[in-house]
Amino acid sequence: MSAQRTLHPRAFWPLLTGLCTALLCLQHVLRGGGGGGGARAEPPDGAHGGFPLLQAAALLLLGYLLLRGRRALRQRLLPGAARPGGRPALCPGPLGEQPGLGVLLESYYEHELRLSPHVLGHSKAHVSRIVGELVRAGRAHGCPGPGPGPGGALALAFRGDFVQVGSAYERHKTRRPDGFDVLVPLRLPPPVALEPRGLGAEPALPPALHGCFVCALRAPPGASGGHWLRDCKPFADGFCVDVRGRRHLSASLVLRWFQSHLQRSLAAVRYSLEGRCRVSLTPGGLERPPTLHILPCRTDYGCCRLSMAVRLIPALHLGDGVFLVAPPLPPWPLGPLPELPGGLRADALWGVNTSRQEQKLLGCLQDRAPPGACHLKCLQLLKALRDLGARGLEPAAAAQWGRILSSYVLKTVLLAVLLRDGAAERGWDEAHLVRRLEESVQFLRDCLLRRRTLFHCVLGPGGAAAEVGPLPKVLREAAPVDLLAAFDRHARELAAARLLSTWRRLPQLLRAYGGPRYLARCPAPRSQRTQGFPQDKP
């Protein structure tokens, strides 16, 4: 059922009645004065000048009553979200004559979440052209050579390509096509090789860092140790730090070089881009990569003049489409990184990006699902549920809520629900959208309350490894990663309580904050501005 913006019958029928009355009066006046000053024609015996007006008004009133009766009957016979199997445990209660939850979700999706494929496709094409020119210029101007930069002749360089990742390329982006993520692979100089190692088996580390990696330098096969160390000293001095007596590639030093190299590349192409768009670069930091801002000045598509932000993430290719990225994502959830045990350094930590495997997994599940499956819409509605739950929170509490229920966590929840018991092949058509959304909320609640463990879909036990194809050895040997292990019990219980509260109030929130105005027949929910999460326990 597709919701469209239409004129409400309460306004339409009185407006139509008034318009027809005005037309009939105008016709009556014109007929009365159409004789050009001659004698007026008398109406025939038994005729009354007001009869046509009364007849038209009676017919319009009858049509209005028939339409109201048809609409009331349709609302009464509309299937609820819980039929035919009874109301689910978490399904919001009945709301009298209000539209059902399925109708509200569909309307909210159409009016607030769904992106136009036309606009999204043009935005992605524009980003691809601009980033492609920038990366090619970086490769041409960044070939290793003698110079004052870090590493000298043995410096990093752009590989010359880029990898588009994130929700915009997995078809579950919502609201506006103005944010994109792009991996920019880097090329190491020939004498340098890396030895990556996962930190999941380090018991003394905080759980938030179990998904991070460190990269030690090693000599390539057949190289002499002393000669190799002498040749690599400029690179090690410019890009590495000491960890436990070995030289490790530093994510912060690589990120600093990456930002300066992007600035030089942008200066090289700015003139050629001047007539098409305005571009600027916002430097990153310890928790975020640099962001390229693009504002088209002139475009072939008049509907697509949007300001776009592209996060450019430096990446090292491990093989089989897996990358190490700087800075490690997601950021530390409780503020600055603490002092690390065992001689580890925070600036030597790298994150892992398995977006290629996740895209492949989503594609496999899409092929396996029946036509018209709603799993991507379910993920978009989970994000909307998260955003609605953040309304009324203080900034610190809203930030904590967004970190716990990040988009990556919600995507992993959906993948886990799809992969268990072969659920992707059954029950994901549009008619079961509300039930599938409720199952995902229940699964997430269980994970928050530690009744289940939400493992990384690739760095987990078994899981999707068989679905995504071969993986590098370092990932196959890595310990499983719990995505929610970084958050303490109290924060998780509060998040579970707010999640259930948001789900139970979902119809009121949908009427208050989205969809056409004729659905908003109940007052807006009471102000929920609090200093933190609600204190009711799940």
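Attention in this report is confined to the structure presented alongside it. Numbering of residues starts from 1 in each chain and follows the order in which that chain's sequence is written. At least 70 in pLDDT is required for a residue's local features to be given in this predicted model, at least 80 for side-chain atom pairs to be given and counted, and no such filter applies to totals for whole chains, interfaces and linings, which use all residues. To get the side-chain values, all heavy atoms of the structure are used, and hydrogens and water are removed first.

## Quick look at the pattern of salt bridges
Part 1 of the argument: Salt-bridge detection follows one rule: a side-chain nitrogen of Lys or Arg within 4 Å of a carboxyl oxygen of Asp or Glu. Evaluation of the coordinates by the stated rule reveals 24 salt bridges.
Part 2 of the argument: Here glutamate 110 ties to arginine 114 by a salt bridge, and the two come within 3.1 Å at their closest N and O atoms.
Part 3 of the argument: Using a 1.4 Å probe on the protein chains alone, a residue whose accessible area is under 20% of its type maximum counts as buried, one over 50% counts as exposed, and one in between counts as partly exposed. Judged by its relative accessible area of 22%, glutamate 110 is partly exposed.
Part 4 of the argument: Look at arginine 114 and you get partly exposed, because its relative accessible area is 41%.
Part 5 of the argument: A salt bridge links aspartate 387 to arginine 386; its shortest N-O distance comes to 2.8 Å.
Part 6 of the argument: The class of aspartate 387 is partly exposed, set by a relative accessible area of 30%.
Part 7 of the argument: Given the relative accessible area of 12%, arginine 386 is considered buried.

## Observations concerning unusual backbone geometry
Part 1 of the argument: Residue proline 327 is reached from alanine 326 by a cis peptide bond, and omega for that bond is -5 degrees.
Part 2 of the argument: Summarising the element assignment, proline 327 is placed in the loop between β11 (322–325) and β12 (351–353).
Part 3 of the argument: Backbone geometry places arginine 244, a non-glycine residue, at a positive phi of 55 degrees.
Part 4 of the argument: In this fold, arginine 244 is placed in the loop between β6 (240–243) and β7 (246–249).
Part 5 of the argument: On the basis of relative accessible area, arginine 244 is assigned to the partly exposed category, the value being 43%.
Part 6 of the argument: Positive phi is not limited to glycine here, since aspartate 320 has a value of about 60 degrees.
Part 7 of the argument: Mapped onto the fold, aspartate 320 is located in the loop between β10 (308–319) and β11. Secondary structure counts use DSSP, requiring at least four H or I residues in a row for a helix and at least two E residues in a row for a strand, with both numbered from the N terminus.

## Points about helix α9 (residues 375–389)
Think of an α-helix as 3.6 residues a turn; residues three or four steps apart then line up on the same face.
Part 1 of the argument: An expected span of 1.5 Å times one less than the residue number is assigned to each helix. Compared with the 21 Å implied by 1.5 Å per residue over 15 residues, the 21 Å span of α9 between its first and last C-alpha is a close match.
Part 2 of the argument: Where burial is concerned, most of α9 is hidden: 14 out of the 15 residues are buried.

## Brief notes about the environment of leucine 253
Part 1 of the argument: Its place among the elements puts leucine 253 in helix α7 (residues 251–273).
Part 2 of the argument: Spatially, the C-alpha atom of leucine 253 lies 7.4 Å from that of cysteine 240, the residues being 13 residues apart in sequence.
Part 3 of the argument: Should any heavy atoms of two residues lie within 4.5 Å, those residues are considered in contact. Residues in contact with leucine 253, not counting those within four places in the same chain, are Gly238, Phe239, Cys240 and Val241.

## Comments concerning the side chain of aspartate 446
Part 1 of the argument: With respect to the secondary-structure elements, aspartate 446 resides in helix α12 (residues 433–448).
Part 2 of the argument: Excluding residues within four positions of it along the chain, aspartate 446 makes contact with Arg451 and Arg452.

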